[in-house]
Amino acid sequence: MKLTWLWWSLGALLLIAVLFICLTPLGVPAAVLGYNDKLMHALTFVLLTVWFGGLQRDQSLRARVILLAALCTYGVLIEILQSQTAYRTAELADLLADLLGIVVGLGLLRAGFDSWPAWVERYVLRRRYK
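Residues numbered from 1 in each chain as written. Predicted model: local features only at pLDDT ≥ 70, side-chain atom pairs only at ≥ 80, totals over all residues. Heavy atoms only, no water.

Colleague: Could you give an account of the overall build of the protein, with specific residues and numbers?
Modeller: When its secondary structure is counted, the protein shows six helices and zero strands. In the protein, the succession of α and β elements from N to C terminus is α-α-α-α-α-α. Each of the 130 residues in the protein was classed as buried or not, and the buried ones make up 31%. Excluding contacts between residues fewer than 6 apart, the proportion of contacts in the protein whose partners are at least 24 apart in sequence is 80%. When the accessible surface of the protein is totalled, it reaches about 8300 Å², and 71% of it is carbon and sulfur. (Helix = DSSP H or I, 4+ residues; strand = E, 2+ residues; numbered from the N terminus. Buried < 20%, exposed > 50% of the residue type's maximum accessible area, 1.4 Å probe, protein only. Contact = heavy atoms within 4.5 Å. Areas by Shrake-Rupley, 256 points an atom, 1.4 Å probe, with all protein chains shown as cover.)

As structure tokens, then:
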């Protein structure tokens, strides 16, 4: 990967954005969109798993276990922080949805999505330098 710094920087922004969204009061977006909270948890963690799994140079089982542990810890942190607000609650079901998302994401990585940064770079760089 040639743009590793960019991918990791965007990943950090992604983590900050997820944390921000999870800690802001529920308001117009939730009411208007009528989204399913557990589905959003699962999809968010699928995205995070595939994002950071694709950035890992080491694709070993050990590296995947570390990714799983890091993302589970992030999910727990979000729930702890939500429990400290007056307008959000911590729910075990949210953590289970996060875990389901991580497992699905790990499956996608195993199915070949672990190369997504290289695919994007090839496409973008090829288009840019034609």
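Colleague: Residue-level account of the packing of aromatic side chains, with values.
Modeller: Here the structure, examined in full by the defined rule, presents six aromatic pairs. Ring geometry for Trp-51 and Trp-116: centres 4.6 Å apart, planes at 45 degrees, overall tilted. Here Trp-51 is found in helix H3 (residues 37-55), whereas its partner Trp-116 is found in helix H6 (residues 116-128), with 65 residues between them in sequence. Across this residue pair, the class does not change: Trp-51 and Trp-116 are buried. Members of the aromatic cluster, joined through ring pairs, are Trp-7, Trp-51 and Trp-116. (Phe/Tyr/Trp six-rings, centres within 6.5 Å; stacked < 30°, edge-to-face > 60°.)

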